[in-house]
Amino acid sequence: MAEVVTKGTGEVERTADRAQVDVTFEAQGADRSEAVSTLNQRISVVEPVLEDFEVRSRQLSVHDNWDNNQRVGSRATQQYVIWVKDLDRLDGLLAELVQAEPSWVNGPSWTLVDDTEAIREAQKGAVADALRRAEGYALALGRRLGPLLRIGDTDGGVGYSPRMSAAASFEMAGPAGMVDQLNLKAQQITVSASCTATWSLLD
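Everything quoted here is computed from the prediction, not taken from an experiment.

### A closer look at the overall build of the chain
Okay, so step 1: Helix and strand counts for the chain come out as four helices and seven strands.
Okay, so step 2: Carbon and sulfur atoms provide 46% of the accessible area of the chain, an area that totals close to 11800 Å².

Below, the structure is given as structure tokens:
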């Protein structure tokens, strides 16, 4: 029995409904204990702010600084990964983080809280695309397209990525607390799916 194998792709766009912010605080001291103590003082004003948000991770790093094989003090670092679902509160969070003078702030990066519906629609589009291609080959051969025999993900299957937008990135320029002027808006997320399908060819 003759077969035809086609690949299909489908894409849909959705507006992001969750933002991720990464922030790092650093402190130095004569030794590790002093570095950690100074770091604790710095983040003591931040922890109460984060109580109303979903902190996905807190990662502490403490190490010595070296110069020509001699220890010249220590450094302590605390890294946070924060999820914000109420996007109306994003500007306020960023403003308070910046005012706390972190070593750096990265974000927001945009995601979907639940991508199930978008993935299914993208998969539906991928299957429809594969079917159109198979029908085209069958027509070109003067044959009829038979039933579907096999189908599966291809090229990584399902994935999604933010559409690039200048409104989704910013530099910490100017006085702290000017975040509300940065025009941070939720990006469009492109959800994609790809499949490989095998169909029978009928006479």
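Having seen the structure, we can now continue with the description.
### Quick word on the side chain of D64
Okay, so step 1: Here D64 is to be found in strand β3 (residues 54–67).
Okay, so step 2: Side-chain polar atoms of D64 contact the side chain of S74, separated by 2.7 Å.
Okay, so step 3: In contact with D64, not counting residues within four places along its chain, are R32, R71, G73 and S74.

### Some thoughts on the packing of aromatic side chains
Okay, so step 1: Counted according to the given criterion, the structure contains one aromatic pair.
Okay, so step 2: Judged by centre distance (6.3 Å) and plane angle (85°), the rings of F25 and Y80 are edge-to-face. Of this pair, F25 sits in strand β2 (residues 18–29) while Y80 sits in strand β4 (residues 70–84), and the two are 55 residues apart along the sequence.
Okay, so step 3: Here F25 falls in the buried class, since its relative accessible area comes to 0%.
Okay, so step 4: One Lys or Arg, R18, reaches over the ring of W83 and ends 3.7 Å from the middle of that ring.
Okay, so step 5: In this structure, R56 is placed above the aromatic ring of W83, and the distance from its NZ or CZ to the ring centre is 4.0 Å.

### Thoughts on the environment of P108
Okay, so step 1: Position of P108 relative to the elements: it lies in strand β5 (residues 104–111).
Okay, so step 2: Each C-alpha atom, one on P108 and one on L184, is 8.1 Å from the other, the two residues being 76 residues apart in sequence.

### Observations concerning unusual backbone geometry
Okay, so step 1: Of note, the bond from G107 into P108 is cis; its omega dihedral lies within 30 degrees of zero at 0°.
Okay, so step 2: Not every positive phi belongs to a glycine, and N69 is a case in point at roughly 65°.
Okay, so step 3: Inspection of the secondary structure puts N69 in the loop between β3 and β4.
Okay, so step 4: A positive phi angle is found at E101, which is not glycine, with a value near 55°.
Okay, so step 5: Among the secondary structure elements, E101 is positioned in the loop between α3 (90–99) and β5.

### What about a nonpolar patch on the surface?
Okay, so step 1: On the surface, V127, L148 and I151 cluster together into a nonpolar patch covering about 230 Å² of accessible area.
Okay, so step 2: When you line up the elements, L148 lands in strand β6 (residues 144–162).

### Some remarks on α3
Okay, so step 1: Those residues of α3 not exposed but buried are L90, L93, L94, A95, L97 and V98.
Okay, so step 2: On its buried face, α3 sits against β2, α2 (47–50), β4 and β5.
Okay, so step 3: Following α3 by one or two positions, E101 adopts a phi angle in the positive range, close to 55°.

### Some words on the confidence of the model for the chain
Okay, so step 1: Summary statistics for the chain give a mean pLDDT of 88 and a share of 88% for residues scoring 70 or more.
Okay, so step 2: Ranking the helices and strands of the chain by mean pLDDT puts helix α4 (residues 116–141) first, with 96, and β6 last, with 84.
Okay, so step 3: For the stretch residues 163–177, pLDDT sits under 50, and the model shows 23 contacts to residues farther than four places along the chain or on other chains.

### Thoughts on the environment of V72
Okay, so step 1: One can find V72 in strand β4.
Okay, so step 2: Residue V72 is classed as partly exposed on the basis of its relative accessible area of 47%.
Okay, so step 3: On a C-alpha basis, the gap between V72 and D31 in space is 8.5 Å, while along the polypeptide they are 41 residues apart.
Okay, so step 4: V72 has contacts with N65, W66 and D67, leaving out every residue within four places of it along the chain.

### Quick look at the sheet that holds β3
Okay, so step 1: As summarised here, the arrangement of the four strands in space is β3-β4-β2-β5, forming an open sheet in which the pairing is antiparallel. At either margin of the open sheet sits one strand with a lone partner, and together these are β3 and β5. For this sheet the average axis-to-axis angle between neighbouring strands, irrespective of direction, equals 15°.
Okay, so step 2: Bridging between β2 and β5 involves six bridges; their strand directions are antiparallel.

Definitions and cut-offs
- Residues numbered from 1 in each chain as written.
- Predicted model: local features only at pLDDT ≥ 70, side-chain atom pairs only at ≥ 80, totals over all residues.
- Heavy atoms only, no water.
- Helix = DSSP H or I, 4+ residues; strand = E, 2+ residues; numbered from the N terminus.
- Areas by Shrake-Rupley, 256 points an atom, 1.4 Å probe, with all protein chains shown as cover.
- Polar contact = N/O pair within 3.5 Å; in protein donor to acceptor, adjacent residues only side chain to side chain.
- Contact = heavy atoms within 4.5 Å.
- Phe/Tyr/Trp six-rings, centres within 6.5 Å; stacked < 30°, edge-to-face > 60°.
- Buried < 20%, exposed > 50% of the residue type's maximum accessible area, 1.4 Å probe, protein only.
- Lys NZ or Arg CZ within 6 Å of the ring centre and 35° of its normal.
- Patch = residues over 30% accessible without salt bridge, like charges linked within 9 Å, V, L, I, M, F, W, Y side chains within 5 Å.
- Salt bridge = Lys/Arg side-chain N within 4 Å of Asp/Glu carboxyl O.
- pLDDT = per-residue confidence, 0-100.
- Pairing = 2+ DSSP bridges.
- Axes fitted to C-alpha atoms, helices over the stretch in contact; angles between N-to-C directions.

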